[in-house]
Amino acid sequence: MRLFKKQKVALALGGGAARGIANVGVLKVLEQERIPIDLIVGSSIGGLVGASYCLGVPTYKMEKAALKFSMDKLADFAISRKSLVKGKKLEKLVREFTDKKGFEDTQIPLAITTTDIETGEELVHTKGNLQKIILATCSWPGIFPPVVIDGRKLCDGGIRNSIPVKMAKRLGATVVIAVDIGFCVKKGKIDNLFQMFIQSIQILGEELDHYQSMQADIVIKPKLHNIDQFAFNFAKEALKDGKIAAKNAIPKIRKKLKLNGNSWKR
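The present account deals with the structure reproduced in this document. (Residues numbered from 1 in each chain as written. Predicted model: local features only at pLDDT ≥ 70, side-chain atom pairs only at ≥ 80, totals over all residues. Heavy atoms only, no water.)

Describing the nonpolar core
Stated formally: Residues belong to a common nonpolar core when they are buried Ala, Val, Leu, Ile, Met, Phe, Trp, Tyr or Cys residues joined through side-chain atoms within 4.5 Å. Three labels apply to residues, based on accessible area from a 1.4 Å probe with only protein chains included: buried if under 20% of the type maximum, exposed if over 50%, partly exposed otherwise in between. Secondary structure is summarised from DSSP: a helix means a run of H or I of at least four residues, a strand means a run of E of at least two, and numbering begins at the N terminus for each.
Counting residues in hydrophobic clusters, the biggest one holds 68 residues, and the most contacted among them are Leu11, Ile21, Ile35, Ile40, Ile177 and Ile253. The biggest single contributor to this core is helix 8 (residues 235-257), with nine residues. In terms of nonpolar packing, the next biggest core, distinct from the first, is built from 13 residues, Val41, Ala111, Ile163 and Ala216 among them.

Quick word on the pattern of salt bridges
Here is the rule we go by: By salt bridge we mean one thing: a side-chain nitrogen of Lys or Arg within 4 Å of a carboxyl oxygen of Asp or Glu.
Following the criterion strictly, the structure yields 13 salt bridges and no others. Between Arg254 and Glu33 there is a salt bridge, and its shortest N-O distance comes to 3.7 Å. Taken together, the positions of Arg254 in helix 8 and Glu33 in the loop between helix 1 (22-32) and strand 2 (39-42) put the pair 221 residues apart, joining distant regions of the chain. Residue classification places Arg254 among the buried residues on the basis of a relative accessible area of 16%. Accessibility expressed as a relative area gives 29% for Glu33, which makes it partly exposed. In this structure, the salt-bridge partner of Lys243 is Glu63, at a minimum N-O distance of 2.6 Å. Of this pair, Lys243 sits in helix 8 while Glu63 sits in helix 3 (residues 59-67), and the two are 180 residues apart along the sequence. Of the residues examined, Lys243 reaches a relative accessible area of 24% and is grouped as partly exposed. Through salt bridges with shared partners, a single network forms among Lys28, Glu63 and Lys243.

Section: the environment of Leu239
The topology assignment puts Leu239 in helix 8. Overall, Leu239 belongs to the buried group, its relative accessible area being 4%.

Describing the pairing of strand 1 (residues 9-13)
In plain terms, the rule: When DSSP locates at least two bridges between a pair of strands, those strands are taken to pair.
The buried fraction of strand 1 amounts to five of the five residues, a majority that puts the element mostly inside the structure. The side-chain alternation of strand 1 yields two buried faces, one formed by Val9, Leu11 and Leu13 and the other by Ala10 and Ala12. Bridging between strand 1 and strand 7 (residues 175-179) involves five bridges; their strand directions are parallel. Across the sheet, Leu11 pairs through a bridge with Ile177, a residue of strand 7. Across four bridges, strand 1 lies against strand 2 in parallel orientation. Bridge pairing links Ala12 to Val41 in strand 2.

A word on a positive patch on the surface
Our working definition: Patch membership is restricted to residues that have no salt bridge and whose relative accessible area is over 30%. Joining uses 9 Å for like charges and 5 Å for the nonpolar side chains Val, Leu, Ile, Met, Phe, Trp and Tyr. Working definition of accessibility: Shrake-Rupley area with a 1.4 Å probe, residue cover restricted to the visible protein chains. Only four residue types enter the tally: Lys and Arg on the positive side, Asp and Glu on the negative side, with His and both chain ends excluded. Where a charge lies is defined by one atom per residue type: Lys uses NZ, Arg uses CZ, Asp uses CG and Glu uses CD.
Side chains of Lys61, Lys64, Lys68, Lys73, Lys86, Lys89 and Lys92 sit close together on the surface and give a patch of like positive charge. Elements represented by at least two residues in the positive patch include exactly helix 3 and helix 4 (88-98). Along the polypeptide, Lys68 turns up in the loop between helix 3 and helix 4.

What to know about the side chain of Gln229
The test is simple: Any pair of N or O atoms that falls within 3.5 Å is considered a polar contact. Within protein, one atom must be able to donate a hydrogen and the other to accept it, and sequence-neighbouring residues count only if both atoms are side-chain atoms. Contacts are assigned to residue pairs with any non-hydrogen atoms lying within 4.5 Å of each other.
Along the chain, the position of Gln229 falls in the loop between strand 8 (218-220) and helix 8. The class of Gln229 is buried, set by a relative accessible area of 10%. Among the polar contacts made by the side chain of Gln229, one reaches the side chain of Gln202 at a distance of 3.2 Å. Leave out the neighbours within four places in its chain, and Gln229 touches Gly16, Ala17, Ala18, Arg19, Phe183, Cys184 and Gln202.

Brief notes about the packing of aromatic side chains
Condition: Pairing of aromatic side chains here covers Phe, Tyr and the six-membered ring of Trp, requires ring centres within 6.5 Å, and sorts the geometry by plane angle: under 30 degrees stacked, over 60 edge-to-face, intermediate tilted.
Overall, the coordinates contain two aromatic pairs when judged by the stated rule. Aromatic pair Trp140 and Phe230: ring centres 5.9 Å apart, planes at 90°, arrangement edge-to-face. With Trp140 in the loop between helix 5 (130-137) and strand 5 (147-149) and Phe230 in the loop between strand 8 and helix 8, this pair connects stretches of sequence that are 90 residues apart.

Let's talk about helix 5
In terms of residue burial, helix 5 counts as a mostly covered element, since seven of its eight residues are buried. N-capping of helix 5 is provided by Asn129, with a side-chain oxygen placed 3.2 Å from the backbone N of Gln131.

What about helix 7 (residues 193-213)?
The condition that has to hold: Every helix has an expected span of 1.5 Å times one less than the residues it contains. The arc in question is formed by the directions pointing from the helix axis toward the C-beta atoms.
Here helix 7 spans 30 Å end to end across 21 residues, near enough to the 30 Å set by a 1.5 Å rise per residue. Taken as a whole, helix 7 has its buried residues at Gln199, Gln202, Gly205, Asp209, Gln212 and Ser213. For helix 7, the angular spread of the buried residues around the axis is 155°, confining them to a single face. Exposed residues on helix 7 whose side chains face more than 90 degrees from its buried face are Leu193, Leu204, Glu207 and Tyr211.

Right under this line is the structure:
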């Protein structure tokens, strides 16, 4: 235990669907290196991963679950006026990861971001129905239906907070470690409407990530190469890249936090 602690260290976990699996690799290294974390703020899959960790799910179990991820476990196609999928499979996945627990059961304080799709307002949640809030932050607009909470239609927190550094600071963090999952801007020929649309989202997202990560004290940025948001079959590579990036950042983190040795245990 650190006595007379004056700093509040927050970990901001970004989204990115399959790319976001790298968050698990980062968490595993930070835990092994005994880096103190006082708050986790997550957007999109970063919210799901962060919630699982705060609820005490061991990182080795999270790794095993990540390796079993697939689009088949997420996509239950049923085109409607609001979405391309029903979202029931995603809802089941969230329940499995959280074991029907709530914010009050977390071992580390947790905050999750969402976006009100009707007003554009960014929200940060530290209480409420955890499963519904995670479902909302993971719901890409148009792909998954919005989640109605307190009369508001809430969607992916990554729309406004792809890396929720700002929200971590609003919650009192004095040091923010950001995990910049990034987007997958591919170089090559674009010859159809769908490719053009996806590439434009990647470019916009990459710029937003760059801007938001600049506000953090330390940035962990896994390479992830050409792993895109749908490449769940590359979970092993995403986990590895997350671990490598985290290990490379440890000296800077220790220097920033003035840590000389092992000082924290989950």
